[in-house]
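Next come the chains, spelled out residue by residue.
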There are 2 protein chains.
Amino acid sequence: MTHSPVPASATPKLEEQLCFAVYLAGHAFNRMYRTVLADLGLTYPQYLVMLVLWECDGLSVKAVGERLMLDSGTLTPLLKRLEAAGLIRRERSRQDERQVRLHLTQAGEALREKSRCVPEAMGAAIAQSPEEIGHLAAQLKALREALLNAAADKS
Amino acid sequence: MTHSPVPASATPKLEEQLCFAVYLAGHAFNRMYRTVLADLGLTYPQYLVMLVLWECDGLSVKAVGERLMLDSGTLTPLLKRLEAAGLIRRERSRQDERQVRLHLTQAGEALREKSRCVPEAMGAAIAQSPEEIGHLAAQLKALREALLNAAADKS
DNA sequence: GACAATTATATTGTGCGCTATCTAATTGGA
DNA sequence: TCCAATTAGATAGCGCACAATATAATTGTC
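Note that the structure is predicted; figures quoted are calculated from it, not measured.

Quick notes on the rules
- Residues numbered from 1 in each chain as written.
- Chains lettered and ligands numbered in written order.
- Predicted model: local features only at pLDDT ≥ 70, side-chain atom pairs only at ≥ 80, totals over all residues.
- Heavy atoms only, no water.
- Helix = DSSP H or I, 4+ residues; strand = E, 2+ residues; numbered from the N terminus.
- Rg over C-alpha atoms; globule rule 2.2 N^0.38 Å.
- Buried < 20%, exposed > 50% of the residue type's maximum accessible area, 1.4 Å probe, protein only.
- Contact = heavy atoms within 4.5 Å.
- Areas by Shrake-Rupley, 256 points an atom, 1.4 Å probe, with all protein chains shown as cover.
- Lys, Arg positive; Asp, Glu negative; His and termini not counted.
- Charge placed at Lys NZ, Arg CZ, Asp CG, Glu CD.
- Near = heavy atom within 4 Å.
- Polar contact = N/O pair within 3.5 Å; in protein donor to acceptor, adjacent residues only side chain to side chain.
- Nonpolar A, V, L, I, M, F, W, Y, C, P; charged D, E, K, R; others polar.
- Salt bridge = Lys/Arg side-chain N within 4 Å of Asp/Glu carboxyl O.
- Buried area = accessible area lost by both parts, 1.4 Å probe.
- Least-squares fit on C-alpha atoms with pLDDT ≥ 70 in both.
- Axes fitted to C-alpha atoms, helices over the stretch in contact; angles between N-to-C directions.
- Left-handed = near helix turned anticlockwise from the far one by under 90°.
- Phe/Tyr/Trp six-rings, centres within 6.5 Å; stacked < 30°, edge-to-face > 60°.
- Pairing = 2+ DSSP bridges.

Quick word on the overall build of chain A
A count of helical and extended segments in chain A gives seven helices and two strands. Order of helices (α) and strands (β) in chain A, N terminus to C terminus: α-α-α-α-β-β-α-α-α. Relative to its length of 155 residues, chain A is extended, with a C-alpha radius of gyration of 19 Å against a globular reference of 15 Å. Out of the 155 residues belonging to chain A, those deemed buried represent 48%. Contacts in chain A between residues at least 24 apart in sequence constitute 48% of all its contacts with a sequence separation of at least 6. About 7800 Å² of surface is accessible on chain A, with carbon and sulfur atoms providing 49% of the total. Treating the 19 positive side-chain charges of chain A as one cloud and the 18 negative ones as another, the clouds have centres 5 Å apart.

Okay, here's the thing in structure tokens:
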């Protein structure tokens, strides 16, 4: 990358570079995940949903959304596609009919085995030590919290 | 964040945590930028395009795309909306009629002044030292390069 | 018990990012 | 010079993320 859209001259612009770096890193992860998840027939957000359900089947849409920080506007169509792909079954809860419970199908459960290669492929792609990875993740978490706090203050 | 969709137990899963952290940080930046850029009437990707053109007016779609790592599938509709908003003018190049040149309008140029508050607002939200910011950005850049290299190898 | 307030999910609308494809223009090689 | 190969940008299709809104169900208060 020879040029960045943000001038590197003045200190106040440094945070713009950080945002752009996050933006581009996200795109790069998407690119990589598309390749790695192609065999599973999943997109990354779908994979995240499956991860959550593999860990705890039968969660409500709300619970999954809380885990992934996604709202129903994003989740409902995504879940419909997972259902259409035969991986999950959506079921209105008897106890509280506002809720929809998400259940893995047999095909959905079986896909877990196939997904074991995903973190390994990602690890090979990233090619950094666990310390570096953990530290970077922690920094991004702190960054996210700072941003969400600031955004909440502004609204 | 009490739970993550990726189990924190095994080391090979650490990179999934990193990816999720990038994913969530990107969302948080989006949230923040939506607030900060509301007065300008721009989305973040539109803002990036304006940053590039403020720095160098008259670039081709391709040149802008190279700066932002975006292709014409993303850019063309985005540029059309900027044109519709009266901020830019798209003009077919006489020298090479395949090219479209992007020119700022007066309104587009005038918006630059208004945009000066953006990096300051972002800086206040991030609330970290320039050293920390710079280091994090450099790490993300390295991460991105590693991912893109690995994705290229896989295809 | 009645009803306002709240909650859960679905839907609508918009913008984005990417792959695949297309059209027109330009370049490169014979 | 001619034409195949390449390039630039547009378009189509799909999935995602989010704000706003709607509908139905549940909760909380009087």
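Some words on the protein's contact with DNA strand C
Taken together, 28 residues are adjacent to DNA strand C, and K62, T76 and K80 of chain A together with T43 and R81 of chain B come closest. Within 4 Å of the protein, the contacting atoms of DNA strand C are 80% sugar and phosphate, with bases supplying the remainder. Here R34 of chain A contributes a side-chain N or O atom positioned 3.3 Å from a sugar or linking oxygen of DNA strand C. Sorting the residues of the surface near DNA strand C by element identifies helix 1 (14-36), helix 3 (61-68), helix 4 (72-84) and strand 1 (88-92) of chain A together with helix 2 (44-55) and helix 4 (72-84) of chain B as the ones contributing at least two each. Split into classes, the residues belonging to the surface near DNA strand C amount to six nonpolar, 11 polar and 11 charged.

What to know about the pattern of salt bridges
Overall, the coordinates contain 10 salt bridges over all chains when judged by the stated rule. Here R98 of chain A and D96 of chain A are joined by a salt bridge, their closest N and O atoms 3.0 Å apart. Between E91 of chain B and R89 of chain B there is a salt bridge; the shortest N-O distance is 2.4 Å. Taking the relative accessible area as the measure of exposure, R89 of chain B reaches 38% and is therefore partly exposed.

What about the interface of chain A and chain B?
Counting residues at the interface gives 64 residues for chain A and 64 residues for chain B. Carbon and sulfur atoms supply 74% of the area that chain A and chain B bury against each other, a total of about 6400 Å² over both sides. The interface formed by chain A and chain B includes four residue pairs in polar contact (both at pLDDT 80 or more). Of all the secondary-structure elements, those providing two or more residues to the side of chain A that touches chain B are helix 1, helix 2 (44-55), helix 3, helix 6 (117-126) and helix 7 (130-154) of chain A. Sort the elements by how many residues they give to the side of chain A that touches chain B and helix 1 of chain A lands first, with 20 residues.

Considering unusual backbone geometry
Even without being glycine, M69 of chain A reaches a positive phi, approximately 60°. Within the secondary structure, M69 of chain A sits in the loop between helix 3 and helix 4.

Digging into the relation of the copies chain A and chain B
Least-squares fitting of chain A to chain B yields an RMSD of 0.1 Å, with the superposition described by an axial translation of 0.0 Å and a rotation of 180°. Viewed as a symmetry operation, the transformation between the two copies matches a two-fold axis. A share of 100% of the interface residues of chain A reappears at the interface of chain B, consistent with the copies meeting face to face through the same patch.

Quick word on the protein's contact with DNA strand D
Taken together, 27 residues are adjacent to DNA strand D, and T43 and R81 of chain A together with K62, T76 and K80 of chain B come closest. For DNA strand D, a base nitrogen lies 3.5 Å from a polar atom in the backbone of G73 of chain A. In the environment of DNA strand D, a base nitrogen lies 2.8 Å from a nitrogen or oxygen atom belonging to the side chain of S72 of chain B. Counting only elements with at least two residues in the surface near DNA strand D, the list comes to helix 2 and helix 4 of chain A together with helix 1 (14-36), helix 3 (61-68) and helix 4 of chain B.

Describing the environment of L68 of chain A
Here L68 of chain A shows up in helix 3. Along the backbone, L68 of chain A and L51 of chain A are 17 residues apart, and their C-alpha atoms lie at a distance of 10 Å.

Some details on the packing of helix 2 of chain A against helix 3 of chain A
Residues and elements named next belong to chain A. Between helix 2 and helix 3, the least distance of the axes is 10 Å, while the angle of their chain directions is 115°. The crossing of helix 2 and helix 3 is right-handed. Along its contact with helix 2, which presents L48, V49, V52, L53 and E55, the element helix 3 presents V64, R67 and L68. Of the residues assigned to the contact of helix 2 with helix 3, the class counts are six nonpolar, no polar and two charged.

Some words on the packing of aromatic side chains
If you walk through the whole model with that rule in mind, you get 11 aromatic pairs over all chains. Between the aromatic rings of Y33 of chain A and Y44 of chain A, the centroid separation amounts to 4.4 Å while the plane-to-plane angle is 35°, which identifies the pairing as tilted. Placement of the pair is Y33 of chain A in helix 1 and Y44 of chain A in helix 2, with a sequence separation of 11 residues. Accessibility expressed as a relative area gives 6% for Y44 of chain A, which makes it buried. Three or more aromatic residues joined by ring pairs form one cluster here, namely F20 and Y23 of chain A together with F29, Y33, Y44 and Y47 of chain B.

Overview of the pairing of strand 2 (residues 100-104) of chain B
All names here are of chain B. Buried residues dominate strand 2, accounting for four of its five residues. Note: strand 1 (residues 88-92) against strand 2, five bridges, orientation antiparallel. The residue bridging R89 from the neighbouring strand is H103, located in strand 2.

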